[in-house]
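Inside the fold
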Amino acid sequence: MKTPRLPVSPPRTAMRLEGMEGKARVFWSYAQHGERLDLHHGKQGTDGKRESRTFPSAEAAAAFARKQVWVRVDKGAWSSDLAFESTTWEQVKDSVQVPGNSEQDDDRVLVLTGDVVVPHDLWLDFHRGIFAQDDPDAEPFTGLLVRGNLTVEGCVFNGENDFGPFLQVDGNLVATSIAIGGSRLRVTGDVTTGDFVAVYNHGSVSIGGGLVARTIASDYTLKVEGPVDAYRYQGQGSKVFAVTDGVEDTQDPYEVKGVFLPAAVSGERVLLDKARKLLAVGKPISRPGFTSIRAAFRQLVSKKMAEPDKVKSLSLNSKSLKSLPDELFLFRRLEKLSLQSNELRTLPETLGLLTELRELDLRSNGLLALPESMGALKKLRVLNLETNCLWRLPDSLAECVELRAVYLVNNPYAYVRRAFGAWSKVQLMWELPEVLTRLPKLEVLKFEGTPLRTLPKRRFDSAALTNATVCRSLITQVDPDLHSQLDVVDVASSPGNAAAYIGYWFKRENVRLEHIHDVKSGRYDFTEVIALLGLLLRLNIPTAAPYDEALKKFREQSEDIARSMDWEGAYAHHVRALFLALGDALGPLGEPHPGNALIAGLRDIFSVHARRGL
């Protein structure tokens, strides 16, 4: 990974700032002579006031000067060496590439020409710093255009989330840090910076070259045409991933607390607004060195490896693990293992080495399968499989003869497509696994939110089964004799449960224009959305007959998808193409169900949108 090459300039022995105090333009300057500072300040056009101060050392004098510069820039001052020009939006709009903000032709724009060095922070807020005006009631400058390279020996800062002047650099941008919100940033070349925070609202970031940063923390996607090198956090409580030449290392994630300092972190989240404010006052937000989850685990292991057999319980919750660390299987005496809220899709066969396990918590992973080595866990008593994407259980599970409680709730979970990788690959658990009936000591069995259609064709072997429920399934028939051990089997809600999947999956987030249309080739690919439709039909036929609720949800979701895809009124042709394809797909999908009312109703719904805009 590239290391940001930030500006390292020799200590400045002199600087002159100017700015606005009310309606008056003022200046402030210093010149350092060893331990002495010569200060000069006052109103522009006057002699001002001069004074000298002597400090214990040259370093102390320089520190005082730096602090005074920061205070004055914070109040809106700027270096008098910056040679600004003022022009109108009409004169530059053809060369400005930032998203529009309803600019008018007579709006004013600041311009800097050539390779520019800003020897302090650069504020991107209306009426602040370089955007201050002699007349505070005048319309603000709408942005800054730099016709050349820009170096900022400080933070590029925008404090407002909803708005701010744009900054366009027709070259490269180098800054100590960047912390913006509502401003629109466009850099034609490369960007090199330390910590980069972007707080989403109405702002945008567009970089024509590459981006090298120490860290990136943002809750929206930065548009970078070249390669990215940084430790990147993308908001919403996600983990941090190292990105090298644009490739994200998903196998070795970092918790936010392993990268960012406590002042910028709350729980599993980076406090983006707080981080932005810290950068604005020159305080760090990232640690001197970063520790990945695996490295942290190894540190933990190293402390316990002296006596591994004494480790009885271990939690690796919420670590964004996609695979299990090899070191885990050194703890052969583990009795309790919690792996909940990771991203494990499969588990290794080496899980069977942990033969002393009594409790195994695998909640919230998106697991697709369990290893056959599960049968080696003969002392296992509690198995929590809630919120995954399991569609079968291994036959070897019958060998877990001490198993007392199994929880299979919300399978599949909300991110089913992400877990399988495509709608065409999704598999569901249609039958309650018969292997569960062979557990001799089973006491508790919870099946909720799993699309079961059938129950086992044999009775449960366990005489201790006292708490067994099947809820929010697609079960329509129960044999009162064969299934008498099941306390609750909710049959009445099955049509509603089937229809609910339409609301879960057939929605704008899963049917977006970029999913069906390639801009470069102009071609459509409806493979995935047709696979989704087929899956929803399989869930609802015949369970949901007479299909009133299913058709209602298809109608609502279709309208929402069409409206979202054509929200600007210029993409009706994409909506027509989508719903024509869905209507055509009902032919082969409906062949096993001649005369089905759901198929017939969907033809009517899809045909409405297939004529959109005509």
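So, a few notes on the structure that sits alongside this text. (Residues numbered from 1 in each chain as written. Predicted model: local features only at pLDDT ≥ 70, side-chain atom pairs only at ≥ 80, totals over all residues. Heavy atoms only, no water.)

1. Structural notes on the side chain of S204
Along the chain, S204 turns up in strand β17 (residues 204-207). The class for S204 is buried, based on a relative accessible area of 16%. Setting aside anything within four residues of it in sequence, one finds S204 in contact with P99, S183, R184, L185 and Y220. (Helix = DSSP H or I, 4+ residues; strand = E, 2+ residues; numbered from the N terminus. Buried < 20%, exposed > 50% of the residue type's maximum accessible area, 1.4 Å probe, protein only. Contact = heavy atoms within 4.5 Å.)

2. What to know about helix α8 (residues 527-540)
For α8, spanning 14 residues, the distance from its first C-alpha to its last is 20 Å, which sits close to the expected 20 Å at 1.5 Å a residue. For α8, every residue scored as buried is listed here: V529, L532, L533, L535, L536, L537, L539 and N540. (Expected span 1.5 Å × (residues − 1).)

3. As for the pairing of strand β12 (residues 166-169)
Taken residue by residue, a regular strand's side chains alternate between the two faces of the sheet. Residues F166 and Q168 point to one face of β12 and L167 and V169 to the other, with burial holding for every one of them. Two strands pair when backbone bridges link them, and strand β10 (residues 143-147) and β12 are joined in this way by four bridges, in the parallel orientation. Residue pairing across strands places L144 opposite L167, the latter belonging to β12. Pairing geometry for β12 and strand β14 (residues 184-187), over three bridges, is parallel. Each bridged residue has a counterpart across the sheet, and for Q168 the counterpart in β14 is R186. (Pairing = 2+ DSSP bridges.)

4. Section: the packing of helix α6 (residues 494-505) against helix α9 (residues 548-565)
Two numbers describe how α6 lies on α9: the axes approach to 9 Å, and their chain directions differ by 10°. In terms of orientation, α6 lies roughly parallel with respect to α9. Taken together, the residues of α9 that come into contact with α6 (itself represented by G496, A499, A500, I502 and G503) are E549, A550, K553, F554 and Q557. Its residues assigned to classes, the contact of α6 with α9 comprises five nonpolar, three polar and two charged. (Axes fitted to C-alpha atoms, helices over the stretch in contact; angles between N-to-C directions. Parallel < 35°, antiparallel > 145°, perpendicular 65-115°, else oblique. Nonpolar A, V, L, I, M, F, W, Y, C, P; charged D, E, K, R; others polar.)

5. Topic: the side chain of D125
Secondary-structure assignment places D125 in the loop between β9 (122-123) and β10. Within the structure, the side chain of D125 is placed 2.9 Å from the backbone nitrogen of G159, a separation counted as a polar contact. (Polar contact = N/O pair within 3.5 Å; in protein donor to acceptor, adjacent residues only side chain to side chain.)

6. A word on the sheet that holds strand β2 (residues 24-33)
Spatially, the five strands line up as an open sheet ordered β4-β3-β2-β1-β5, and their pairing is antiparallel. Looking along the sheet, the strands with just one partner apiece sit at the ends: β4 (49-54) and β5 (78-79). As judged from the eight bridges shared by β2 and strand β3 (residues 36-43), these two strands associate in the antiparallel manner. Paired with Q32 across the two strands is L37, which belongs to β3.

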